[in-house]
Amino acid sequence: MRLRIGDARRLTSGLLFLTIGGFGMIYGARYRMGSATHMGPGYFPFAVAALIALLGAVSAATSLRTEIGQVEGPEGGRGPIQWHIVPLLCILAGVVAFGLLIEHAGLVLAIAAVVILGCYQRLLTRPLEVLAIGLVLIAIAVALFIHGLGMPWHAFPA
Amino acid sequence: MSVVDNIALGFSVAVTPQNFLYCLAGAFLGTLVGVFPGLGPVTTIAMLLPFTFKLPAVASLIMLSGIYYGAHHSGSTTAVMLNMPGEPTSVVICIDGHPMARQGRAGPALAIAALASFFAGCVAVVIIAFFSPPLASVGLMFGPADYASLIVMALVTASALSSESLITTTAMAALGVLLGTVGTDVNSGTIRFDFGRSALDDGVSFVAAAVGLFAFADVITHVGALHERVPLSAKITGLLPTRADLKASTPAILRGTAIGSAFGILPGTGPLISSFASYVMERQLAKDPSRFGKGAIEGVAGPEAANNAAALTHFIPMLTLGIPAGAANALLMGALIIQGIAPGPLLIEQHADLFWGVVASMWIGNLMLLVLNLPLVGIWVRLLAIPYRVLYPAVLVFCCIGVYSVSNATFDLYLAAVFAFAGFIFKQLDCSPAPLILGLVLGPMLEENTRRALLLSRGDFTVFLTEPISLAMLILAVVLVFVFSRSAFRDRQARLANP
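This structure is a prediction, so every number in the text was calculated from the model and none was measured.

Calculation notes
- Residues numbered from 1 in each chain as written.
- Chains lettered and ligands numbered in written order.
- Predicted model: local features only at pLDDT ≥ 70, side-chain atom pairs only at ≥ 80, totals over all residues.
- Heavy atoms only, no water.
- Helix = DSSP H or I, 4+ residues; strand = E, 2+ residues; numbered from the N terminus.
- Buried < 20%, exposed > 50% of the residue type's maximum accessible area, 1.4 Å probe, protein only.
- Contact = heavy atoms within 4.5 Å.
- Areas by Shrake-Rupley, 256 points an atom, 1.4 Å probe, with all protein chains shown as cover.
- Axes fitted to C-alpha atoms, helices over the stretch in contact; angles between N-to-C directions.
- Parallel < 35°, antiparallel > 145°, perpendicular 65-115°, else oblique.
- Left-handed = near helix turned anticlockwise from the far one by under 90°.
- Nonpolar A, V, L, I, M, F, W, Y, C, P; charged D, E, K, R; others polar.
- 1 Å grid on protein atoms, 1.4 Å probe; cavity = no way out; pocket = protein on both sides within 12 Å on 5 of 7 lines; lining within 4 Å.
- Points joined across faces, edges and corners; volume = space filled by probe spheres on them.
- Core = buried A, V, L, I, M, F, W, Y, C linked by side-chain atoms within 4.5 Å.
- Phe/Tyr/Trp six-rings, centres within 6.5 Å; stacked < 30°, edge-to-face > 60°.
- Salt bridge = Lys/Arg side-chain N within 4 Å of Asp/Glu carboxyl O.
- Polar contact = N/O pair within 3.5 Å; in protein donor to acceptor, adjacent residues only side chain to side chain.
- Expected span 1.5 Å × (residues − 1).
- Patch = residues over 30% accessible without salt bridge, like charges linked within 9 Å, V, L, I, M, F, W, Y side chains within 5 Å.

Undergrad: Talk me through the overall build of chain B; I want residue IDs and the actual numbers.
TA: Counting secondary structure elements, chain B contains 22 helices and 2 strands. Looking at chain B as a whole, 62% of its 499 residues qualify as buried. When contacts within chain B are restricted to residue pairs at least 6 apart in sequence, those whose partners lie at least 24 apart make up 80%. On chain B, roughly 17800 Å² of surface is accessible, and the fraction owed to carbon and sulfur atoms is 68%.

And the structure:
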C-alpha cells in the first residue's frame, strides 16, 4: 500500500500552526503565568498558543486521515504550490528598501527603489516604461504627501 | 433627544462645507481606487489612510467611511466589466453581471447596481440611526464575561464564514489573537514577544499587518503569475435599464437589503455572506432558475443591495460595541483608534456630533455615489483598461507610504514585509487572512475582558456559562457555526452533484 497525501495544503498548514503554536508556548513560558484568578502576563498568550498548536495538530491529523479515502489527484484538484520566488524576493526587497531609504535618502530615492525592484521583469526589456512609471509616481507622491499633506519627510537626501 | 433631533444634529454636522467636502472626497477616492482590479477595500483604505490623519476626528471618520463604502461599491464595476472580483464580496456579482456585459447590457447592469446600492444605503442609514442607540445601551449592560464571549462569537463566526476548513480559519483567528498580545501587557507592564525589539513595545501595527497580508501578498501572487489581463471586451452602450429590468430588480433589491441589514448587525459576518445569501435566495425564488449565471438582472440587483446594506450596517456593532465585522471594517476601526476615538457603548453619548454626523454623511455619501457613478461610469470603465503591470508599482508605492505614515516608523515597513511573506505562504496554503486581522484587532480586548471576568469569578471558568448574556453569545456562536458549516456542506454536495 502506498501512502498518498490527500490534502498537502491542509497537512502543511496544520504543521505550520503546530510549529507556530509550539514556538509561542516555548517563548511565552518565560513570562509569569499566575493563576486563573490573577493571570500573569504569560497566562493568556500561553493558552492561545496552545490552542493554535492543538488546532494545527488536529488539522494535520485529519488531512492524513482523508488521504486514505481520496483517490483523485494528490493536490485535491489544484495545481502544486507555486513558489514565485523571484517576485517574492523582489517585492519584499522593495518594501525593505523603502524602509531603509525613506528617513535619510528621502522619498524620491525610496520610491525609485520600490519601482526598480518591483518592475524587475521589465527593467531591461522596457526601461522607458519603468522610468515613466517611476517619474509619475515620484511626482504624484512628492506633490501630494510632502507639499499637499505636509508630511515631515525629506524629498531628497538631507 | 428624539431620533429626529439626532438626525438634525447629524445633518448640521455633515453639511458644513468642510465635512461635506471630505465626505465627497472619501467616496470619490474610495470609488476611484477601488475600481482598479485587484484593489479591494482593505488595500484601498490602507493606501488612502495618510489623507485622513491630519483631519479633525469627525472629518476623518466621515472621509474614512466614504472611502470604505466607495470601495465596496466600485468592486461591482470591476466584477461586471472584467469578470474579476476586485474583492471577495463581488465574486457573486461576477456570476450574472459579467454575462450581462457580454450581452451588451453592461450599462443597465451597472445602473441597477448603483441604484441597488443607493437604496440599500438609504435603508441601512435609517437602521443605523434607529438600532445603534438601543444596542449601545445593551452594550452598557455587558460585563467582562459577556464581552469576552461576544468577541469569541465574532471570531468564530468570521472563521465559520470563510470557505476554508473551520479548523484552519479558527487557527488563523487564534494566531491573530496571539499576535495581538505582542507588546506591553497593560496589567503588569511586562513587554511580551518583543524579540528584543523596542519597536514592538506598542504591539503589532495592524496597518502593516493588513497591507502585508492583503495588498503585498496579492501583488506577489499576481506578478508571479503575470499574464496580461483579459482585454476589456464589453462596451457600455446605454445606461438606462428597461422597464422589465426595473420590475425584475425591485423585489430583489428589497430582499437583498433585508438580508444585508440582518446579517450586517451580527458581528464577524462580513458582507460576502450577505451577497451570497441574497444570490441563493433570488435563484431559489426565480420562476426560471436556469437564467441565473447567464445574465439574470436579479442576480446583480439582490447581492449588490445586500453587499452595501451589510457594509453599512456593520457600523452598528463596530461603533456601539467596538466589534468590527470583516477585515476592512477592522482596519477602519483601527484607524479610529489611531485618531484617539475608542468605539464602544459610550461613543454615541460622548461623541454625539461624531456619531450622528457620520450617519448623516453616509446618506449624503451614498447619494453622491449615485450622482457620481452614473455619469462617470464611462471614466471608471476606462480606468479598468490600465494594465496591471502599470498599476501594481503604484499599489506598492502608496501602500509603503500608507504603512510608514501611521507613525513614521520604518520598522512598520519591515513588519509589513514579514507579513507579506506570511500572507504569500497563507495564500498558497488556502488560509484566508481575514480572521487573522480580526483576531489582531480584537485580541487585546479579549484578553482584557477574559482576565477581568476570571478575576471577578475568582478563577471559576463556568462564569462564561452562568452569565446569561455570555451564555447567549456562546449559544449563538455554536448555532451560527452549525448553520454555516451545514450550508457550506450542502453547497459542496450540490457542486459534486452537477459540476
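Undergrad: So what's going on with the overall build of chain A? Which residues, and what values?
TA: A tally of regular secondary structure across chain A gives 5 helices and 0 strands. Counting only residues that meet the buried cut, chain A has 44% of its 158 residues in that class.

Undergrad: Kindly report on the packing of helix α18 (residues 388–407) of chain B against helix α19 (residues 410–428) of chain B, identifying the contributing residues and their values.
TA: Residue and element names in this part refer to chain B. Closest axis-to-axis distance for the α18/α19 pair is 8 Å, and the angle between their directions is 135°. Taken together, α18 and α19 sit at an angle that is classed as oblique. In the packing of α18 onto α19, the handedness of the crossing is right-handed. Contacts from C400, V403, Y404 and S407 in α18 reach T410, D412, L413 and A416 in α19. Tallied by class, the residues present in the contact of α18 with α19 amount to 5 nonpolar, 2 polar and 1 charged.

Undergrad: Lay out the layout of surface pockets with the relevant residues and their values.
TA: All names here are of chain B. As a volume, the second largest pocket reaches approximately 1200 Å³. Lining of the second largest pocket is provided by 45 residues; of these, D202, I337, L440, V441 and P444 occupy positions nearest its centre. Elements represented by at least two residues in the lining of the second largest pocket include exactly α8 (144–161), α9 (166–180), β1 (183–184), α10 (206–224), α15 (326–338), α18, α19 and α20 (434–456). Its residues assigned to classes, the lining of the second largest pocket shows 23 nonpolar, 13 polar and 9 charged.

Undergrad: Go over empty space enclosed by the protein, please, and point to the residues and values.
TA: Remark: the empty space left among the atoms is shown by a probe the size of a water molecule rolled over them. Residue and element names in this part refer to chain B. The tally for this structure, following the rule as stated, stands at 4 cavities of 30 Å³ or more. There is about 60 Å³ of room inside the largest cavity. Around the largest cavity, the lining residues are H73, S76, T77, L110, A113, A114, N373, L374, V377 and W380. The leading source of residues in the lining of the largest cavity is helix α17 (residues 352–384), at 4 residues. Split by residue class, the lining of the largest cavity holds 6 nonpolar, 4 polar and no charged. The computed volume of the second largest cavity comes to approximately 40 Å³. Of all elements in the fold, only α10 and α18 reach the threshold of two or more residues within the lining of the second largest cavity. Sorting elements by how many residues they give to the lining of the second largest cavity places α10 first, with 4 residues.

Undergrad: Residues and numbers for the nonpolar core, please.
TA: With 200 residues, the main nonpolar core has F98(A), L107(A), I111(A), F216(B), F315(B) and I401(B) as its most contacted residues. Sorting elements by how many residues they give to this core places α17(B) first, with 15 residues. Counting residues in each nonpolar core, the second largest holds 5 residues, with V92(B), Y279(B), A286(B) and A296(B) among its members.

Undergrad: Describe the packing of aromatic side chains, listing the residues and the values that go with them.
TA: Under the criterion given, the structure shown has 17 aromatic pairs over all chains. A ring pair is formed by F23(A) and F195(B), whose centres lie 6.1 Å apart and whose planes are at 10°; its orientation type is stacked. In this pair, F23(A) sits in helix α1 (residues 8–28) while F195(B) sits in the loop between β2 (191–192) and α10, so the two residues belong to two different chains. Residues F11(B) and W363(B) carry aromatic rings whose centres are separated by 6.2 Å and whose planes lie at 70° to one another, so their mutual orientation is edge-to-face. Highlighted residues: F11(B) in helix α1 (residues 3–14) and W363(B) in helix α17, separated in sequence by 352 residues.

Undergrad: Got a sec to walk through the interface of chain B and chain A? Specific residues and values, please.
TA: When the parts of a complex come together, some accessible area is lost, and that lost area is often taken as the interface size. If you look at the interface, chain B gives 66 residues, while chain A gives 66 residues. Along the contact surface separating chain B from chain A lie 1 salt bridge. E129(A) is the salt-bridge partner of R389(B), the closest N and O atoms lying 2.4 Å from each other. Connecting chain B to chain A are 16 residue pairs in polar contact (both at pLDDT 80 or more). For the side of chain B that touches chain A, the secondary structure elements donating two or more residues are α4 (50–53), α9, β2, α10, α18, α19 and α20 of chain B. When residues of the side of chain B that touches chain A are assigned to their parent elements, the largest contribution, 12 residues, is made by α18(B). Counted by class, the side of chain B that touches chain A contains 42 nonpolar, 15 polar and 9 charged residues.

Undergrad: Provide a residue-level description of helix α2 (residues 17–34) of chain B, including the pertinent values.
TA: Along its 18 residues, α2(B) runs 25 Å from first to last C-alpha, staying within 8% of the 26 Å computed at 1.5 Å per residue. Buried within α2(B) we find N19(B), C23(B), G26(B), A27(B), G30(B), T31(B), V33(B) and G34(B).

Undergrad: Go over a nonpolar patch on the surface with me, naming the residues and quoting the values.
TA: Residue and element names in this part refer to chain B. A cluster of nonpolar residues, L465, L471, I475, V479, F482 and V483, forms a patch on the protein surface that exposes about 520 Å² of accessible area. Here the nonpolar patch gets 5 residues from one element, more than from any other, and that element is helix α22 (residues 468–497). Of note, L471 is situated in helix α22.

Undergrad: Can you tell me about the pattern of salt bridges, naming the residues and giving the values?
TA: Here the structure, examined in full by the defined rule, presents 11 salt bridges over all chains. R451(B) serves as the salt-bridge partner of D185(B), at 2.9 Å between the closest nitrogen and oxygen. With D185(B) in the loop between β1 and β2 and R451(B) in helix α20, the pair connects residues that are 266 residues apart, well separated along the chain. With respect to burial, D185(B) and R451(B) carry one shared label: buried. Here the salt bridges share partners, and the residues they tie into one network are R122(A), R126(A), E129(A) and R389(B).

Undergrad: Now, about unusual backbone geometry: what can you tell me, with residues and values included?
TA: The bulk of non-glycine residues show a negative phi, and the bulk of peptide bonds are trans. All names here are of chain B. Positive phi, normally seen in glycine, also occurs at D430, with a value near 60°. The exposure class of D430 is partly exposed, given its relative accessible area of 26%. Although it is not a glycine, R458 sits at a positive phi angle of roughly 55°. Residue position: R458 is located in the loop between α20 and α21 (463–466).

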